[in-house]
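Residue strings, one per chain:
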Amino acid sequence: MKKLLLLLLITGFGTGALAQQTQKTLKKIHIDHFFTCSVDQLLDTLSMSYHLNIVFERDSVSKFDVAEHFFNESLIEVFEKVCGDNKLHYWVESDGTIYILQNTDDLARLKKLNDLHRSASGAIKAVAIEAPKAPPAHFLFTISGRIIDQSTGESLPSATVKIRNTGLSATTNTDGSFTIFSIPADTCVVQVSYSGYQLENLRLNAKNINNPIVIEMYKALNTLNEVTINGKKSGVMNTDTKKVGVLQLSPGNLDKLPSLGEKDIMRAFQLMPGVGATNESSSGAYVRGGTPDQNLVVFDGFTVYQVDHLYGFFSAFNSNAVKDVQLYKGGFSSKYGGRLSSVTEINGKDGNKNEANFGVDLSLLSFNVFAETPITDKSSLLVAFRRSYQGPFYDKIFKQFNTSTAVGGSPGGGGPPGGGGRSAFGQQTTPASHFYDADLRYTYHLDKSNSLAWSLYTGDDNTDNSRQLNLPSFLSSGAGPVNITDYTKYGNLGSSLKWFSQWNKQLHSNTYLTYSSYFNDRNRTNSGTTTDADGNQTNFSNGTVENNNLKDIGIKSEWEWQLDNKLKLLYGGFASRQHINYDYIQNDTSKLISEHNTAFSGGGYTELEIDPNNKLHLQPGVRTTWFQPTGKLYMEPRFSASYVLDDHYTLKAATGQFYQFMNEVTREDVVNGNRNFWVLSNNGNIPVGMSRHIMGGVSYENDQFLIDVEGYYKTLSGLTQYAIRQSGFGPGSAGTIEQDFFQGTGRAKGIEILLQKKLGRYTGWLSYTLADAQNKFAAYGNSYYPADQDIRHEFKAINMYHYYKWNFSAVFIFSTGHPYTAPLSTYTITTVDGNTSTSFNVSGKNAERLPDYHRLDLSATYDLIKINGNKVGSIGLSLFNVYNHTNIWYREYQLQNNAAIATDVNYLGFTPNLTLSLRWK
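Just so we're clear, the structure is a prediction, and the values are computed from it rather than from any experiment. (Residues numbered from 1 in each chain as written. Predicted model: local features only at pLDDT ≥ 70, side-chain atom pairs only at ≥ 80, totals over all residues. Heavy atoms only, no water.)

## With respect to the pairing of strand β22 (residues 357-363)
The criterion, for reference: Each residue gets one of three labels from its accessible area relative to the maximum for its type: buried under 20%, exposed over 50%, partly exposed in between, using a 1.4 Å probe on protein chains only. Put simply, DSSP marks the helices as runs of H or I at least four residues long and the strands as runs of E at least two long, and each gets a number from the N terminus on. Between any two strands, pairing holds if DSSP finds at least two bridges.
Here β22 lies mainly inside the structure; 5 of its 7 residues are buried. Taken together, the 6 bridges between β22 and strand β23 (residues 366-376) define a ladder with antiparallel strand orientation. Counterpart to V360 in the pairing with β23 is V369. Once β22 ends, the chain turns through 2 residues before running back antiparallel as β23. Across 6 bridges, β22 lies against strand β55 (residues 911-920) in antiparallel orientation. Across the sheet, the residue bridging to L362 is L916, located in β55.

## What about the nonpolar core?
To be explicit about the condition: Residues belong to a common nonpolar core when they are buried Ala, Val, Leu, Ile, Met, Phe, Trp, Tyr or Cys residues joined through side-chain atoms within 4.5 Å.
Formed by 38 residues in total, the largest nonpolar core has its most connected members in L257, I265, F317, I346 and W765. Elements represented by at least two residues in this core include exactly β15 (246-249), α6 (265-269), β16 (295-299), β20 (322-328), β45 (793-803), β46 (806-815) and β53 (888-896). The element best represented in this core is α6, accounting for 4 residues. Among the nonpolar cores identified, the runner-up in size contains 25 residues, and C37, L46, F56 and V66 belong to it.

## Side note on the sheet that holds strand β13 (residues 213-217)
Rules: Only the contacting stretch of a helix is used when fitting its axis, a line to C-alpha atoms as for every element, and angles between N-to-C directions run 0 to 180 degrees.
Spatially, the 3 strands line up as an open sheet ordered β10-β7-β13, and their pairing is mixed. Each end of this open sheet is capped by a strand with a single partner; those strands are β10 (177-183) and β13. Across the sheet, the mean angle separating the axes of adjacent strands is 30° when strand polarity is ignored. Judged from the 5 bridges that link them, strand β7 (residues 141-149) and β10 form a sheet pairing that is antiparallel. By the bridge assignment, G145 is partnered in β10 with F178.

## Considerations on the pattern of salt bridges
Heads up, the rule is: Whenever Lys or Arg places a side-chain nitrogen within 4 Å of a carboxyl oxygen from Asp or Glu, that contact is recorded as a salt bridge.
Within this structure, the stated rule accounts for 31 salt bridges. For R792, the salt bridge is made with D772, and the minimal N-O distance between the two is 3.2 Å. Of the two residues, R792 is situated in the loop between β44 (785-786) and β45 and D772 in strand β43 (residues 762-777); the sequence distance between them amounts to 20 residues. A residue is classified by how much of its surface remains accessible, and R792, at 30% relative accessible area, is partly exposed. One network of salt bridges, with partners in common, ties together R288, K329, K652, D708, E710 and E752.

Pasting the structure below:
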């Protein structure tokens with residue numbers, strides 16, 4: 001049996017205090033001594049001489065020898081030298097214990113062997129915290145405080161705070177704050193747990209209960225999850241047992257998942273049930289039959305209107321600037337409003353308050369740099385910058401898009417594509433794109449109860465999808481190639497000033513001044529020449545130019561009042577002004593749309609969180625909004641509840657009413673693919689959107705597995721689409737345009753099943769979604785038809801395997817195809833003046849389906865770990881769409897010589913990528 005050297009732990013004021021004391025000892029004590037012995041004997045000498053608790057596996061460590069003279073070197077330098085020479089690691093736990101490891105994954109095993117040895121030998125168990133110094137003097141009092149990262153000073157949201165051996169507990173809010181009432185006595189122990197951090201304990205006493213308590217958490221060794229779970233789950237993606245449809249994500253865990261080029265928070269959510277994963281062209285959340293514009297995305301208090309980079313292959317959010325993310329898939333709190341489907345709340349990092357920290361992520365598609373540093377003892381700064389680049393490898397990836405294939409037969413008119421003597425000619429194209437974004441956050445602590453934080457985000461995309469359409473010989477008679485200009489530029493700018501105030505132990509607030517802007521400009525024109533029977537050439541140029549920009553200025557104040565352990569009151573107010581311009585110009589002269597609208601809105605919300613006992617959680621609320629263009633007050637009642645049946649089963653339900661006052665309207669374009677633009681609701685042809693949610697579910701959870709089943713039903717009204725009808729559109733003819741805003745309704749229903757393995761070397765989850773999303777617009781008939789985002793079946797398998805410093809993952813995604821509207825045939829009529837006009841016969845609205853979507857992604861990541869166990873970087877290889885399956889993004893059509901020329905614009909095929917991440921302090 002393997003032997004361990006086990007020493008008794010020294011007594012301290014808490015596990016964090018013990019770790020601090022050990023760290024000081026390692027730096028303070030210097031050695032001037034010559035050692036010539038085995039490593040285990042050296043460790044014995046150090047532990048006895050300097051009262052250190054060192055745990056190691058003697059049989060393994062005794063094989064290594066030391067012959068070294070240390071000249072006035074610190075203990076930490078001794079550990080680094082000895083461990084470095086013998087390929088060992090050392091790790092200081094928050095309880096002050098020093099573990100000597102051959103592999104970082106040995107930590108959990110050494111802890112268990114340590115406990116077993118104590119039990120077998122009858123040794124005194126480690127004292128994690130001091131015993132009470134005096135009998136209790138205070139009873140049934142209230143404590144409040146904050147949970148922070150020991151190394152950076154960053155607040156830790158969603159940490160679990162418990163009073164040990166009682167049923168009292170709390171969860172920290174976005175600022176890391178908590179309040180607990182009716183503490184039995186001032187000798188109780190506060191226990192804190194948080195994903196990725198070591199368990200922390202603090203003994204209360206007569207002094208520390210009088211002021212806000214700040215508990216510092218130590219990061220856990222970047223290794224295999226331990227079997228013992230305390231409080232918050234530690235997976236890549238977590239759920240909230242008290243809330244239905246809530247997903248929580250820590251950006252620090254994202255490197256365990258395959259990605260196209262770097263960690264991506266929005267892409268990670270797409271791997272969970274209920275969030276569409278087959279829209280490679282969008283990082284936006286297609287949640288439970290909703291569209292991305294129906295998902296409210298809030299970053300440090302301000303709204304982000306466009307969440308895509310590089311045709312959706314990247315999201316707009318740099319994971320190096322993000323602290324935590326939560327996605328509410330529906331039935332969300334009355335704190336949030338203005339959207340029909342879901343909410344994504346993103347909180348940025350404050351920046352390291354203790355020491356400078358720098359990092360860089362390099363891949364074959366982009367680079368990403370960041371720095372965080374304290375400015376003064378009260379302030380800190382974080383800066384992050386990211387940009388893609390189109391180098392040789394980037395170009396090689398997209399060469400697959402430049403081939404041309406025929407998908408039809410002989411020339412002629414009439415009949416569906418590919419049949420009946422009609423032809424279609426397909427060409428694949430690839431966009432040339434680049435993007436950049438930048439984040440800046442400055443935090444200043446006015447005092448212990450007040451702080452200010454200024455956040456700034458900016459990012460732009462430039463996408464050039466221009467190309468030349470070379471026609472096949474049977475279509476090119478009398479016409480040269482068609483030059484297609486397709487250039488898009490869009491971007492965001494957002495900023496907020498946040499004032500956090502802790503008014504007393506029970507009451508705190510966050511007040512924001514916010515600004516958001518968004519623009520999207522597109523030039524989509526065709527040009528070329530035609531030659532008539534007499535040999536005369538005619539130049540033609542037609543197409544459209546779109547300009548859409550939005551500005552949003554607002555103020556809001558959010559308050560939380562913890563009345564007691566069973567009751568919390570959330571309330572607040574808000575006001576904003578939005579201004580939107582949208583111009584849609586045809587052939588440089590004719591303005592098809594010219595929308596210039598401004599709207600003021602304001603209101604308030606209130607909500608209760610009621611916990612009558614440890615099993616039942618109730619959350620009723622209401623939100624009211626006055627919207628100036630309609631002059632109406634909109635009431636939005638909300639309610640959610642959960643009930644814990646036993647240690648494993650939980651029931652959850654939610655319902656609510658939701659309004660949306662600005663929409664990214666879908667402009668139907670059968671020929672060139674649908675386009676979207678933002679508009680404000682008015683009192684006329686653009687209604688205020690409204691939805692009602694009914695959601696329910698049941699979950700089973702133990703230490704190893706989570707099984708979660710949720711169902712939902714949503715109704716929607718006030719949906720808006722914009723359609724253009726084109727006729728006589730061809731070379732030399734601008735044709736005529738008919739356009740209008742259409743109003744409609746929608747409904748969505750579905751069931752989601754999640755099976756997650758949370759612990760062990762192998763982790764991951766399986767998810768299946770059966771869904772149905774339908775719309776009904778009178779312009780397309782009196783029946784419901786599949787919505788653009790309708791996916792009937794979607795299956796995802798996420799597999800992760802950890803092996804020492806290696807992390808392997810495999811993601812497989814399958815879904816049925818998206819619906820679309822297709823031209824079925826063309827026809828030509830002769831007008832009274834003798835001219836001819838050609839038009840399309842189209843299918844029913846979204847009556848066609850693209851082929852099924854599926855792909856497999858693989859990745860392998862090797863962690864770069866220092867001698868002291870801290871991760872300082874990684875090297876990763878990702879393989880996107882491993883078996884190179886062709887998945888169609890959309891189809892667009894050109895009308896040429898009475899034939900519809902179909903172009904399949906495809907998603908990425910097989911795409912490898914390398915990523916190097918490095919961190920310095």
